[in-house]
Each structure stands twice: as structure tokens, then as C-alpha cells.
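What follows is each chain in one-letter form.
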Amino acid sequence: MKELIVISGKGGTGKTSVLSCFAALAENPVLADCDVDASDLHLILSPEVIHSHDFSGGNRAEILPEKCTACGTCHELCRFDAVQHRKTAHGKSIFAIDPIACEGCGVCAHFCPAQAVSFKPAVNGQWFISKTRFGPMVHARLGVAEENSGKLVSLVRQQAKKIAQDQGRELILVDGPPGMGCPVIASISGASLVLAVTEPTLSGLHDLERVIELTRHFDIPLMVSVNKWDINPSIAGRIEEQVSRAGAAVASRIPYDPAVTRAQIQMQAVVEHADTPAAQHIRKLWKEVLISLSKNNS
Ligand code: SF4
Ligand code: SF4
């Protein structure tokens, strides 16, 4: 079984547009959307949710007012300033935990002398198994201001692998998270191939440097595609030099093509929509990706 992860270093480079085309071109893939903070693959694939599950990434502390003796220990010990203290009009101290500031470390629950802190698994989001026109899809939604997206990304990948094994599907296509933080690391470790979709801007150039370092660190083969390369051919050239110095391959240059936006408006991948220049280059890129996947035995 092979697992291709498409990442971008930053949002807005066209990563999801490319991945949705791969979903349309692949044979029997399992799809996974690991952009759990702000997923958008569903906007193109219109998944029909078959199973929905709560996700708990950790515990949440809550003070039980009926047990609290207002000793203030939790307020003193919380390193995240998550325990708020106020006084009533009658001078009585009230302690309460700010759920957004709480990091779920459990110190307050451990040291509370009155066992007045409830410390139970929190529901931080949901994950789903859905049906799409291209195959099963695992996706998720992390709650607002919730943490642990790396854990949720790992869960989405595990579930996609399980479906692939159970249904005898040989390819998992993963829409990775944007940026370079913990969720990206969780999405690429152990993958067969990473495709970085970048754009010809200075931030695209800078982010690609970090993508190269990350994939080198995890020893994962890397391919690069420069999307909308013709909006700045000079930086596109610098990106290609950078990739070549790193020993990776620039697999394609995709031209700017308004048909990509028109396809998105119609909830389609551009390769489904029309045989435009971007669609033609993405088809060629897909062939390159398949060749690279076939050479890679992991
Ligand atoms: S440590 Fe326990 S008893 Fe003391 S203020 Fe906090 S919750 Fe209340
Ligand atoms: S669980 Fe940790 S972070 Fe949350 S309120 Fe208690 S001590 Fe602070």
C-alpha cells in the first residue's frame, strides 16, 4: 500500500485543487483530509457522511463549585494562568477554569486538597468516514480554539489505512495540513512520497526550504510542483534551482488557469471540469507521481 501526502508549506498554493484532481485520476483510492483545522477538500468532493465519531485529544479540568473550598492552590500552581479568581460583592473568593487557556496538564486536579476538580476527557472535535464519487474519505473537524490537531491528523491517517487494508485499496491520497507545525509532521511521517505544491512567491520559496529540511529529516522522497508558475517566472526558476540543489525533483510547472476557480465553484476537480492547460499539466504530474510511487518500496 502506498501513501501520497500533498503539502504546501503555507495555505493557498493550490494543494487541495491538485489533490482533488489526483482523487479523480486515481484507481480505487482512499482519501484522507488531514487539514483538520480548516479543511476544504469536502467543498470539491461533497462527501456523504456514513459514520461520525467524537474526537478526544485530552482531558479538561473543571472546578466543581459545590466541593471547592476556595483555598487557591489551583490558582497558584497553574502555569498557564487558566484558573481565574474573582471576588463576589460579599468578598467570597470564586475560582473557575478558562477552558480556552487550560492546557489539560492535570496539575490542579492532582493537587486540589478537596478533590474539587473534575478532570475528564474533553470532546475536541469530530472525525468522519464518508462516501465520495472517487472513493471512501476520512476527514475531521477540530473544534474552535482546540489543540491536539497532530493527534487528530494521526487518527485520520490510521483510519484511512484501515479502510485501505479492509477494502484491498492500494493507494491513500492525503491532503496534508498547511504550515510546518506538528500537524504536518504527523501527516508525513512514514509516508511513501510527499508532493509539495508551492507557488512562485518569496514566502513560497522560504516555506519550501523548510519542507525540504523536513522531508530530508524523515527520509521521505519529495517531489515539487510549482503552481501558477507563470505569475512570476523568475521566482519559479529560483524554486527549481533550490529543489535541484536539494536533490529532489520539480515534477511540474502548472500555469495559472482561471478554469481552476470555475471548477471549484461547480464543486469539481479541474480535470473533471474541462481539458484546460492546468488540467493537462496536472494529468502529466499524476503520471510522474505514479512512476515515483512505483519506484518507492515503502
Ligand atoms: S485547589 Fe481545589 S479547593 Fe482549592 S481553589 Fe482550587 S478547586 Fe477549589
Ligand atoms: S489542567 Fe493544568 S492548565 Fe488546566 S487549569 Fe489545571 S493546572 Fe491549569
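Residues numbered from 1 in each chain as written. Chains lettered and ligands numbered in written order. Predicted model: local features only at pLDDT ≥ 70, side-chain atom pairs only at ≥ 80, totals over all residues.

## Observations concerning the overall build of the chain
When helices and strands are counted, the chain shows eleven helices and 13 strands. Seen through its principal axes, the chain has C-alpha atoms that stretch 75 × 40 × 40 Å. Relative to its full complement of 298 residues, the chain shows a buried share of 45%. (Helix = DSSP H or I, 4+ residues; strand = E, 2+ residues; numbered from the N terminus. Buried ≥ 20, exposed ≤ 12 C-beta atoms within 10 Å, placed from the backbone.)

## Quick notes on the nonpolar core
By size, the foremost hydrophobic cluster in this structure holds 73 residues, and its most contacted members are Ala23, Val156, Leu173 and Val224. Per element, the largest residue contribution to this core is seven residues, and it comes from helix α1 (residues 15-25). Sequence-distant contacts of Leu173, defined by excluding residues within four places in its chain, comprise Leu4, Leu19, Phe22, Ala23, Ala26, Pro29 and Leu31. (Core = buried A, V, L, I, M, F, W, Y, C linked by C-beta atoms within 7 Å. Contact = placed C-beta atoms within 7 Å.)

## As for the domain arrangement of the chain
Each assigned domain of the chain is listed with its residue range as follows: domain 1 (2-56 + 125-295) and domain 2 (59-121). The distance between the C-alpha centroids of domain 1 and domain 2 comes to 42 Å. (Domains from an automatic or database assignment.)

## Focus: the site of ligand 2
Not every one of the 13 residues close to ligand 2 is listed here, only the nearest: Ala61, Cys78, Cys102, Cys105 and Cys108. Here the shell around ligand 2 is built from residues that sort into ten nonpolar, two polar and one charged. (Near = placed C-beta within 6 Å. Nonpolar A, V, L, I, M, F, W, Y, C, P; charged D, E, K, R; others polar.)

## Things to note about the site of ligand 1
For ligand 1, the set of nearby residues contains 13 residues, the closest of which are Cys68, Cys71, Thr73, Cys74 and Cys112. Looking at the shell around ligand 1 residue by residue, the classes come out as ten nonpolar, three polar and no charged.

## Some details on the packing of helix α7 (residues 202-217) against helix α8 (residues 233-245)
Their axes nearest at 10 Å, the elements α7 and α8 cross at an angle of 10°. With respect to each other, α7 and α8 are oriented roughly parallel. Contacts between α7 and α8 involve Leu202, Gly204, Leu205, Leu208 and Glu209 from the former and Ile235, Arg238, Ile239 and Gln242 from the latter. Considering only residue class, the contact of α7 with α8 consists of five nonpolar, two polar and two charged. (Axes fitted to C-alpha atoms, helices over the stretch in contact; angles between N-to-C directions. Parallel < 35°, antiparallel > 145°, perpendicular 65-115°, else oblique.)

## A few points about the sheet that holds strand β2 (residues 29-33)
An order of β3-β8-β9-β2-β10-β1-β11-β12-β13 is seen for the nine strands of this open sheet, with the pairing classed as mixed. Every other strand in the sheet has two partners, leaving β3 (48-55) and β13 (249-254) as the edge strands with one partner each. Averaged over all pairs of adjacent strands, the angle between strand axes in this sheet comes to 20°, irrespective of strand direction. Of the strand pairs in this sheet, strand β1 (residues 2-7) and strand β11 (residues 193-198) are connected by four bridges, and their pairing is parallel. Bridge pairing links Leu4 to Leu193 in β11. (Pairing = 2+ DSSP bridges.)

## Regarding the pairing of strand β6 (residues 93-97)
Working note: regular strand, side chains alternate between the two faces of the sheet. Taken together, the five bridges between strand β5 (residues 83-87) and β6 define a ladder with antiparallel strand orientation. By the bridge assignment, Arg86 is partnered in β6 with Ile94. Adjacent in sequence and paired antiparallel, β5 and β6 are bridged by five residues, among which Gly91 carries a positive phi angle near 85°.

## Looking at unusual backbone geometry
A negative phi angle is the norm for most residues apart from glycine, just as the trans form is the norm for most peptide bonds. With a phi close to 50°, Asn28 is a non-glycine residue in the positive phi region. Mapped onto the elements, Asn28 comes out in the loop between α1 and β2. Accessibility expressed as a C-beta count within 10 Å gives 13 for Asn28, which makes it partly exposed. Notably, Lys228 is not glycine yet its phi reads approximately 55°, a positive angle.

## Brief notes about the packing of α1 against helix α11 (residues 277-295)
Put simply, α1 and α11 touch, their axes get as near as 10 Å, and they point 70° apart. Regarding the angle of α1 to α11, the classification is roughly perpendicular. The handedness of the crossing between α1 and α11 comes out as right-handed. When α1 is examined against α11, the residues Val18, Cys21, Phe22 and Leu25 are found in contact with a partner set consisting of Ile282, Arg283 and Trp286. (Left-handed = near helix turned anticlockwise from the far one by under 90°.)

## Details of α8
Taking 1.5 Å as the rise per residue, α8 with 13 residues should run 18 Å; its terminal C-alpha atoms sit 18 Å apart, in good agreement. Within α8 the residues assigned to the buried category are Ala236, Ile239 and Val243. Down the axis of α8, the sector holding all buried residues measures 60°, keeping them to one side. Counted as exposed and oriented over 90 degrees from the buried face of α8: Ser234, Glu241, Ser244 and Arg245. Close packing links the buried residues of α8 with β11, α7, β12 (222-227) and β13. At the C-terminal side of α8, Gly247 shows a positive phi close to 80°. (Expected span 1.5 Å × (residues − 1). Arc of directions from axis to C-beta.)

## Quick word on the environment of Asp98
Position of Asp98 among the secondary structure elements: in the loop between β6 and α4 (107-111). The class of Asp98 is exposed, set by 12 C-beta atoms lying within 10 Å. Sequence separation between Asp98 and Leu43 is 55 residues; the distance between their C-alpha atoms is 34 Å.

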